[in-house]
Structure formats: structure tokens, C-alpha cells
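# Tertiary structure, described
As a plain string of letters, each chain reads:
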Amino acid sequence: MTARTPRSRTALLAIGAATALALSLTACGGDTLEEEGNGGGSGEGEERGGGSLTIGGANFTEATIMTELYAQILADAGYDTTITSTDGRELYAPELESGAIDVVPEYAATLTEYLNAQVNGPEAEPVATSDIDETLAALRELAEPRGLTVLDAGEAVDQNAFAVRADFAAEHGLETLSDLGESGLPVRLAAGEDCPERPFCQPGLEETYGIDIEALDPLGVGTVQSKQAVADGDDDLALVTTTDATLEDFGLVLLEDDQRLQLADNLLPVLNTESAGDPEIAETLGRLTETLTTEDLTELNRQVDSERRKADEVARDYLVEQGLIDG
């Protein structure tokens, strides 16, 4: 995926002195856990449950669910956990580096390119790839000098994807983006207005898959308007994400990115090395990372977005169901 901010993960903005003031602290789970601290971490070598941890992240649905999952599984392991939410990475990343935030759920390729731009400039050649191992190696090389520890990635991935109407796919025998390219069908694409310049959007579809993009409808990434335009037949293809839980509501299905055009945006925990160096933290979060799948995350998103359930309740139910915390 091209480095998107949460539902706009590409923004690489300058950080002002007001960053700390922009942070909005809330207790884990909103009204379910008491606020216990403002960071400080447990530190390496402390007793189990001997410290407080601040879990940071952005304030869109998926990030909210992930911070709840992290906070609750760590609380079950004996840590006092607090959640802090911000408008995006450009706000929480400096706090993670400073130790005001201890742990953040992240996206491998997006964070890699964010740090790449921070270290090497906004015009730096991309170092993230569609291979998660290569991307992790690049990310750790960038993160470790900044005092960050990048844990292993899991199967769950939220990256750019392309959707068509289910009946359109059935009519033309489409399961993959390669199928769409080989069909020779001219396509109207609903996506962000910058799609023609993005290598993983229109240029990638044309060059990697040979898809004939007849026109671009600038309705945004995964917006209701873009999905509705495809559902209505005004457009043929919509740029969405792999964990979009509303596609079925619009009668849409994803076409597989079978030639791996998109970057490896697998989810993983990133820690402040000094404040969250307790090996118990890595082990605890690792159990969640190994369990969570893309399908799981999509379903959790659906419960919050479609069923209007609270993120803390959805997270707790999942952790109990998977045997990751006590019921």
C-alpha cells in the first residue's frame, strides 16, 4: 500500500510544539478500565505487572480496536494500561520515540515509509516492498536508531485493494486483478484524486496487470460514495482496503492482488525500547499477533462499524473467545 495515514495514512506533516497538547487521553476501554498512568513503561527486568504502559494510536475504527486489544491483553498480563488516541501518525510517532507512549499497533510498510521520509527526506526511494520479511528488515534498520523495537508481524494485513460488484465478477469470471486485465474490459475506477500519480494505484493497475483504466472518478479511498458508485454501475472498480467490513453491504467483492502489487502492510507492535523493554510485553503481544488474521480484523471492524458495538467490548469478546485472556 502506498503509505496511507489512517484512512489517509500518507500525510507526512511537520510536527509543531503543540503535539503533546493534541493528544487525547482516555482510559482503556473508555469507561471500563481506570486511567493508571501516563507512560513510563515497566522497564526491562521489572516484575510481571510491575509497571504502567500507555498504548497509543490513531482514532479510526481499526486503530481503536487494535489499541483496545493491546491494552486489554497487557492488562490481563498484569500491566496497568492506558490508551491515548490522536489524529494520526505524525502526532503519536514523536510521543512513541520520546517514551510518553510505550506501545503502538502499526502497519509495516506504512511505518517503514514514514520513517524513511523522516530519515532520508520526503523524496527518498521507497524501501518497503510487497515482501513482509524485506519490509521488516528495512523497518528495523530505520526504527532501532530512533529507540524503537519492532516486533514480528502477523498474518493480519490492511492494505490497498480493489473491489467490483459480485455480479460483475461472476459475469466475467473475475477472481483476480490479472483476470480483469486479461478480460480487456475498459474500467471506470473510483479512487482518490491522486491515483494517477500513485504507483500502487492507476499506474500499477495498468503496468502490472494490463487493466484498461478508461476514466477515474475521484471519490476517495473506500468512501461510501466510491462503493455506491460501483454498486450502482456508474463505476466498475473501487479502491478500498483489505479489512473493509462494509463491502458485502454494497454487493462488492475483492479481486485478489495475485501479482503482489501492494506493499506489505501487515500489522505489528512497535515499542519504545527503553520504556517497554520487558520481554513479557513482547511475548504477550506476540500471542495476539500470531492469532489475529485479516478475516478476524475485518469482522471486528464490522461489529463496530455496522453493529455499532463499542470497540472495548468487541476487543474483549475476541480475546476471551481466542483464549488470550480470562473471561
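Before reading on, note that the structure itself is shown above.
Let me begin by describing the structure that accompanies this report.

Our next topic: the overall build of the protein chain. From N to C terminus, the protein chain includes 12 helices and 11 strands. The 327 residues of the protein chain split such that 54% are buried. The long-range share in the protein chain, meaning contacts at least 24 apart out of those at least 6 apart in sequence, stands at 76%. Of the roughly 13800 Å² that the protein chain leaves accessible, carbon and sulfur atoms contribute 45%.

Moving on to the side chain of D265. Examined against the element boundaries, D265 turns out to sit in the loop between β10 (252–255) and β11 (267–272). In terms of polar contacts, D265 uses its side chain to reach the side chain of T110, at 2.5 Å.

Further remarks concern the sheet that holds strand β7 (residues 186–191). The strand order across the open sheet built from five strands is β8-β7-β9-β6-β10, with neighbouring strands paired in mixed fashion. Each edge of the open sheet carries a strand with a single partner, namely β8 (212–218) and β10. Neighbour-to-neighbour, the strand axes of the sheet open up by a mean angle of 40 degrees, direction not taken into account. Where β7 and strand β9 (residues 237–241) come together, two bridges link them in parallel fashion. Its bridge partner lying in β9, A190 is registered against A238. The strands touched by helix α8 (residues 202–209) are β6 (160–165), β7, β8 and β9; relative to β8, the strand with the most contacts, the crossing angle is about 165 degrees.

Another aspect to go through is empty space enclosed by the protein. Using the criterion set out here, one finds three cavities of 30 Å³ or more in the structure. One number sums up the size of the largest cavity: a volume of about 70 Å³. Lining the largest cavity we find 11 residues, and of these F60, A63, Y92, P105 and Y107 sit closest to its centre. Going through the elements one at a time, β2 (52–58), α2 (61–76), α3 (89–98) and β4 (103–107) are the ones with two or more residues in the lining of the largest cavity. Residues that form the lining of the largest cavity fall into these classes: nine nonpolar, one polar and one charged.

With respect to the helices and strands, the residue V221 is situated in the loop between β8 and α9 (224–231). With residues near it in sequence (within four places) discarded, V221 still touches G192, L239 and V240.

By definition, a disulfide links two cysteine residues through a covalent bond between their sulfur atoms. The final tally for this structure, using the stated rule, is one disulfide. In this model C195 forms its disulfide with C201; the gap between the sulfur atoms is 1.9 Å. Taking the sign of the S-S torsion, -90 degrees for the link of C195 and C201, the bridge is left-handed. According to the relative accessible area criterion, C201 is buried, its value standing at 4%.

Further remarks concern the nonpolar core. Grouped together as the largest cluster of nonpolar side chains are 53 residues, with contacts concentrated most on I55, L69, I73, L74, I281, L285 and L288. Here the element with the most residues in this core is α2; it accounts for eight residues. If we skip the residues at most four places from it in the chain, L69 touches L288, L300, A315, Y318 and L319. Membership of the second largest hydrophobic core comes to 25 residues, among which are L189, Y209, I213 and L263.

Rules used in this analysis
Residues numbered from 1 in each chain as written. Predicted model: local features only at pLDDT ≥ 70, side-chain atom pairs only at ≥ 80, totals over all residues. Heavy atoms only, no water. Helix = DSSP H or I, 4+ residues; strand = E, 2+ residues; numbered from the N terminus. Buried < 20%, exposed > 50% of the residue type's maximum accessible area, 1.4 Å probe, protein only. Contact = heavy atoms within 4.5 Å. Areas by Shrake-Rupley, 256 points an atom, 1.4 Å probe, with all protein chains shown as cover. Polar contact = N/O pair within 3.5 Å; in protein donor to acceptor, adjacent residues only side chain to side chain. Pairing = 2+ DSSP bridges. Axes fitted to C-alpha atoms, helices over the stretch in contact; angles between N-to-C directions. 1 Å grid on protein atoms, 1.4 Å probe; cavity = no way out; pocket = protein on both sides within 12 Å on 5 of 7 lines; lining within 4 Å. Points joined across faces, edges and corners; volume = space filled by probe spheres on them. Nonpolar A, V, L, I, M, F, W, Y, C, P; charged D, E, K, R; others polar. Disulfide = S-S within 2.5 Å. Core = buried A, V, L, I, M, F, W, Y, C linked by side-chain atoms within 4.5 Å.

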